[in-house]
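# Observations on the three-dimensional arrangement
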There are 2 protein chains.
Amino acid sequence: MAHNLKERIGKVFKNAAGVEKIVIVNTGIQDPNFLYITGFTSGLFEYSYLVMDEKGAKLFTSALEYETAVEQDAKGLDIIKIENRSSFVKMIKEEIEGSVVGINGAFLPYQIYKSIEKHKPGKIEDVSEAFLKARLVKDADEVARIRKAASITKWALMLIQKEFKEGMTEHQLAAKFDNLCSSMGSQGPSFRTIVCFGKDAALPHHFPDDTKLKYGDFVLIDAGCLVDNYASDMTRTFVFGREKATLKDYKEMDEMMKVVKDAQVRAIKAIRPGVKGKEIDKAARDYIEGFKDGKYKGTFIHSLGHSLGLEVHDGPGFSPREETVIKKDMVITVEPGIYINGFGGVRIEDDVLVTKDGALVL
Amino acid sequence: MAHNLKERIGKVFKNAAGVEKIVIVNTGIQDPNFLYITGFTSGLFEYSYLVMDEKGAKLFTSALEYETAVEQDAKGLDIIKIENRSSFVKMIKEEIEGSVVGINGAFLPYQIYKSIEKHKPGKIEDVSEAFLKARLVKDADEVARIRKAASITKWALMLIQKEFKEGMTEHQLAAKFDNLCSSMGSQGPSFRTIVCFGKDAALPHHFPDDTKLKYGDFVLIDAGCLVDNYASDMTRTFVFGREKATLKDYKEMDEMMKVVKDAQVRAIKAIRPGVKGKEIDKAARDYIEGFKDGKYKGTFIHSLGHSLGLEVHDGPGFSPREETVIKKDMVITVEPGIYINGFGGVRIEDDVLVTKDGALVL
């Protein structure tokens, strides 16, 4: 399925009234908006310039990647080979001078901003919000890519349980998990795979280290993969050898898992077009906070979830203050958690597609 | 081996005369300078602020990662938990107001730059060059991390040859390569693994696709891995089933491989403290350009190499115009290539540590 470049450009300009041109520049890292407009699945395009108006887009790129761009055959994209620095500067100046120019202020480094300023645009406007709004509601090509990424992660989170062994390290389990994903077609992790054993599970962004797996430990895995630039992001929490946990610990772990799962179900049920982000968060948070007279009060220390797409955090997060209204064809994560320092933590995270009357778990 | 935070801060401020404070802010991506100063190997620290003066550094981070920061015990780093948005804004204002503040203009997005401006610093200066200069010459902790990463990639590039099979796709080989690396302790690829079969090898930044491996094909693999945030970056080019290539093709392929290897040896021999980047490039480029009366003239379409470290392109590239003087303890790539559209390409890349009188291939 090919994406429609002109349709995507149209969505962006619709949210950027008065802007005549938009300039997107990669650094050593790709601006996600570069990938959104080009739909490219190959090439790095470091320091390449993408210049758009409402009708189409021009890509200025070096000999190093010119062929890689051409062969991807994006309809509506003119590809211009940069022959040398001075002709390139001249071309960009011609594109920009005197125009109202939009930039992605959430990504564009200060240095490149200053060099765009030198080309004497009529005005520079930060249109990062216009891109985020356009990207919030996914088109069919985007949903297809995310579904593939989600499917791989979901399978890997099931199959990985066979690999749990006493004494293995978090590092080792993370490597096994990444292998599983790439063997199923992931083009790489969408972020560094998080594996936490035991009390490490109380740290939401703990990176795998040499902690060894013991019977009765929590095993928390938070991971995602990339398919054609689109990300998945899921979490599962297990108890390894639960029969060997002490009875007291086991009861506590079991209760935490149930409360988090129930909170997630409540949040997913609350999702439908028209509700606000904060309402979804509230559905899960109120349940956790109110459980057994506030036993877990204050232990859910992050937002309920976030928009997912070209970036793992692809737009708004859904915190208790989030006013963004949920729309059909948004893809969001639902990830309540309970964290108890020194004991451990539970997080359960799924990716859901907002449908016309609810949510489809991917 | 622990890094010396104060020593690193000292190296940066030495190159940033007149600057009183330096502010580093992560986005969803980590500013490499954040990793340079903290030495952290765990945690994401999204939108965390690192504020430095010549004496030490303060990290402002959320409850989500506070514990992850504390447990990494970086000497000379004060860790401050952000309790809420307004107290955070107040604290940052207190740090910045009236001071000459340095930022990393090569990374800091325009949006965050504008928010720093609102805190009324005396002046804002782009100190990105000061960081690059400091990072150019590696300390012992950095060299140890890069060596580990290089060693994994080197082994993987040897072992992967056993996996070559007729009909396999570039995707499949890339997945096998990444698996090999992670099973040897890589914490992830340092960039998307490049695998090119046949004529795809003419495209330096081609991403693996469903192209199938045929007898007599070039197999070009350009890949690297991460160990504790530090990158390796190597390339090998093979011919698969060379006995089944046509004699004419084989002779051409063989010659390209020899010319590139000889060019690389010439460049490595040219490396020593005191020479300029462009001289190393010249050693390889002149050989390729002059071979057989210019048969390969214009086919080496990129720079000879680049500095390597926390980023794959960790400072200057070594182009025919590069004036940077090579110093002891720099780590650089040496990667000449020949690319012939429609036929294929050869690139050979190694990572070398500059020693007091030459270069050590890692």
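None of the values given here were measured: they were computed from a predicted structure.

## Focus: the overall build of chain A
Within chain A one finds 10 helices and 16 strands. For chain A, the C-alpha radius of gyration of 23 Å lies close to 21 Å, the compact-globule estimate for 362 residues. Within the span of chain A, comprising 362 residues, buried residues form 58% of the whole. Across chain A, contacts joining residues at least 24 apart in sequence account for 66% of those joining residues at least 6 apart. Carbon together with sulfur atoms contributes 51% to the accessible area of chain A, which is approximately 14,800 Å² in total. Charged side chains of chain A number 52 positive and 54 negative; the gap between the two group centres comes to 3 Å.

## A word on empty space enclosed by the protein
A full pass over the atoms with the stated rule returns two cavities of 30 Å³ or more. By volume, the largest cavity amounts to about 170 Å³. At the level of elements, α8 (170–183) of chain A together with α8 (170–183) of chain B are the ones that each hand at least two residues to the lining of the largest cavity. Among the elements that make up the lining of the largest cavity, the one with the highest residue count is α8 of chain B (five residues). Partitioning the lining of the largest cavity into residue classes produces six nonpolar, 12 polar and two charged. As a volume, the second largest cavity reaches approximately 30 Å³. Considering the residues around the second largest cavity, the lining is formed by Gln30, Leu35, Phe40, Thr41, Ser42, Gly43 and Asn229 of chain A together with Phe207 of chain B. Residues of the lining of the second largest cavity, tallied by class, amount to three nonpolar, five polar and no charged.

## Here we look at the relation of the copies chain A and chain B
When chain A is brought onto chain B, the operation consists of a screw motion whose angular component is 180° and whose axial shift is 0.0 Å, with 0.0 Å RMSD remaining. The two molecules are tied by a two-fold rotation axis, judged by turn and shift. Residues of chain A ranked by C-alpha distance from the rotation axis are headed by Pro109 of chain A, positioned 2.2 Å from it. Interface residue correspondence from chain A to chain B reaches 100%, placing this contact among same-surface, isologous pairings.

## Observations concerning the nonpolar core
If you look at the biggest cluster of nonpolar residues, it comprises 98 residues, and the most contacted ones within it are Ile37, Met52 and Ile221 of chain B. The leading source of residues in this core is helix α9 (residues 247–270) of chain B, at eight residues. A domain-level breakdown of this core finds at least three residues from each of domain 1 (5–136) and domain 2 (140–361) of chain B. Excluding residues within four positions of it along the chain, Met52 of chain B makes contact with Ile9, Phe13, Glu20, Lys21, Ile22, Ile24, Ile37, Ala57 and Phe131 of chain B. Within the second largest apolar cluster, 97 residues are counted, among which are Ala57, Val100, Val195 and Ala201 of chain A.

## Some points on the sheet that holds strand β4 (residues 77–82) of chain A
Residue and element names in this part refer to chain A. One open sheet accounts for six strands, arranged β4-β3-β2-β1-β5-β6; its pairing is mixed. If you trace the sheet from one side to the other, it starts and ends with β4 and β6 (123–126), each paired once. Across this sheet, the average inter-strand angle for adjacent strands is 25°, counted without regard to direction. For strand β1 (residues 21–25) and strand β2 (residues 49–52), the ladder comprises four bridges, and the chain directions are antiparallel. If you follow Val23 over to β2, its bridge partner there is Val51. Against the sheet, helix α1 (residues 5–14) makes contact with β1, β2, β3 (57–62) and β4, and its axis sits at roughly 110° relative to β1, the strand it touches most.

## A closer look at the interface of chain A and chain B
With 40 residues of chain A at the interface, the matching set in chain B holds 40 residues. With both chains or domains summed, chain A and chain B bury close to 3,800 Å², and 56% of this area falls on carbon and sulfur atoms. Ranking the residues of chain A by area buried against chain B places Leu64, Tyr110 and His205 of chain A at the top, with a combined share of 19%. Counting every contact that joins chain A to chain B gives zero salt bridges. Along the contact surface separating chain A from chain B lie 16 residue pairs in polar contact (both at pLDDT 80 or more). Breaking the side of chain A that touches chain B down by element, the ones donating at least two residues are α3 (63–70), α5 (110–117) and α8 of chain A. Here the side of chain A that touches chain B is built from residues that sort into 16 nonpolar, 17 polar and seven charged.

## Quick notes on the sheet that holds strand β1 (residues 21–25) of chain B
Residues and elements named next belong to chain B. Pairing is mixed across the open sheet formed by six strands, whose spatial order is β4-β3-β2-β1-β5-β6. Lying at the two open borders of the sheet, with one neighbouring strand each, are β4 (77–82) and β6 (123–126). The sheet shows a mean angle of 25° between the axes of neighbouring strands, direction not considered. Pairing of β1 with strand β5 (residues 100–103), which is carried by two bridges, proceeds in the parallel orientation. Its bridge partner being in β5, Lys21 is matched across the sheet by Val101. Each of β3 (56–62) and β4 touches helix α3 (residues 63–70); the most contacted strand, β3, lies at about 140° to it.

## So, the packing of aromatic side chains
As enumerated under the stated definition, the model contains 23 aromatic pairs over all chains in all. Geometrically, the ring pair formed by Tyr110 of chain A and Tyr113 of chain B is tilted, given 4.3 Å between the ring centres and 35° between the ring planes. Of the two residues, Tyr110 of chain A is situated in helix α5 and Tyr113 of chain B in helix α5 (residues 110–117); the pairing between them involves two chains. For Tyr110 of chain A, a relative accessible area of 10% puts it in the buried group.

## Looking at the side chain of Asp200 of chain A
Residues and elements named next belong to chain A. By secondary structure assignment, the location of Asp200 is in the loop between β7 (194–197) and β8 (218–223). Among buried charged residues, Asp200 stands out as having no salt bridge; its nearest opposite-charge side chain is Lys199, 5.0 Å away. Engagement of the side chain of Asp200 in a polar contact is seen with the side chain of Thr211, the distance being 3.1 Å. If we skip the residues at most four places from it in the chain, Asp200 touches Glu170, His206, Asp209 and Thr211.

## A closer look at the environment of Leu247 of chain B
Residue and element names in this part refer to chain B. By the secondary structure assignment, Leu247 is in helix α9. The exposure class of Leu247 is exposed, given its relative accessible area of 60%. Linking Leu247 and Gly216, residues 31 residues apart in sequence, is a C-alpha distance of 9.9 Å.

## Brief notes about the domain arrangement of chain A
Residues and elements named next belong to chain A. Partitioning chain A into domains gives domain 1 (5–136) and domain 2 (140–361). Just the C-alpha atoms count here: the centres of domain 1 and domain 2 sit 34 Å apart. On the side of domain 2, 16 residues touch domain 1, which itself brings 10 residues to the contact. Between domain 1 and domain 2 lies a buried interface of about 1,000 Å² when both sides are counted; carbon and sulfur atoms form 52% of it. At the junction of domain 1 with domain 2, the criterion picks out three salt bridges.

Calculation rules
- Residues take numbers from 1 onward in each chain, read along the sequence in its written order.
- Chains carry letters from A onward and ligands carry numbers from 1 onward, assigned in written order.
- pLDDT decides what is reported in this predicted model: residues at 70 or higher carry local features, side-chain atom pairs at 80 or more are listed and counted, and totals for whole chains, interfaces and linings draw on all residues regardless.
- The side-chain values count all of the structure's non-hydrogen atoms but skip hydrogen atoms and water molecules.
- Numbering of helices and strands starts at the N terminus; helices are DSSP runs of H or I of at least 4 residues and strands are runs of E of at least 2.
- Values of the radius of gyration come from C-alpha atoms, whereas the globule rule sets the reference at 2.2 Å times the count of residues to the power 0.38.
- Relative accessibility thresholds used throughout: buried, under 20% of the residue-type maximum; exposed, over 50%; partly exposed, between the two (1.4 Å probe, protein chains only).
- Here, two residues are considered to be in contact whenever any of their heavy atoms come within 4.5 Å of each other.
- Accessibility throughout is a Shrake-Rupley quantity obtained with a 1.4 Å probe, and a residue counts as covered only by protein chains that appear here.
- His is not counted here, nor are the chain ends, while Lys and Arg score as positive and Asp and Glu score as negative.
- By convention, charge coordinates are those of NZ in Lys, CZ in Arg, CG in Asp, or CD in Glu.
- Grid spacing is 1 Å over the protein atoms alone, the probe is 1.4 Å, and a cavity is where that probe fits but cannot get out, while a pocket is an open set with protein on both sides within 12 Å along at least five of seven lines and lining residues have an atom within 4 Å of a point.
- Grid points are joined across faces, edges and corners, and a volume is the space filled by probe spheres set on the points.
- Only Asp, Glu, Lys and Arg are considered charged in this grouping, and only Ala, Val, Leu, Ile, Met, Phe, Trp, Tyr, Cys and Pro are considered nonpolar; every other residue, Gly among them, is considered polar.
- For the least-squares superposition of copies, only C-alpha atoms count, and only for residues with pLDDT at least 70 in both.
- Only buried residues count toward a nonpolar core. Its members are Ala, Val, Leu, Ile, Met, Phe, Trp, Tyr and Cys residues joined through side-chain atoms within 4.5 Å.
- Where each domain starts and ends comes from a domain assignment, either automatic or drawn from a database.
- Any two strands between which DSSP finds at least two bridges are classified as paired.
- All axes here are fitted lines through C-alpha atoms, helices being fitted over the stretch that makes contact, and every angle between N-to-C directions spans 0 to 180 degrees.
- Here the buried area means the combined drop in accessible surface, using a 1.4 Å probe, for two parts upon being joined, counting both sides.
- What counts as a salt bridge is simple: a side-chain nitrogen of Lys or Arg found within 4 Å of a carboxyl oxygen of Asp or Glu.
- Definition of a polar contact: a pair of N or O atoms within 3.5 Å, with one able to donate and the other able to accept a hydrogen when the atoms are protein atoms, and with sequence-neighbouring residues admitted only if both atoms are side-chain atoms.
- Aromatic pairing here means that ring centres of Phe, Tyr or Trp (its six-membered ring) are within 6.5 Å. Orientation follows from the plane angle: under 30 degrees is stacked, over 60 is edge-to-face, and everything else is tilted.

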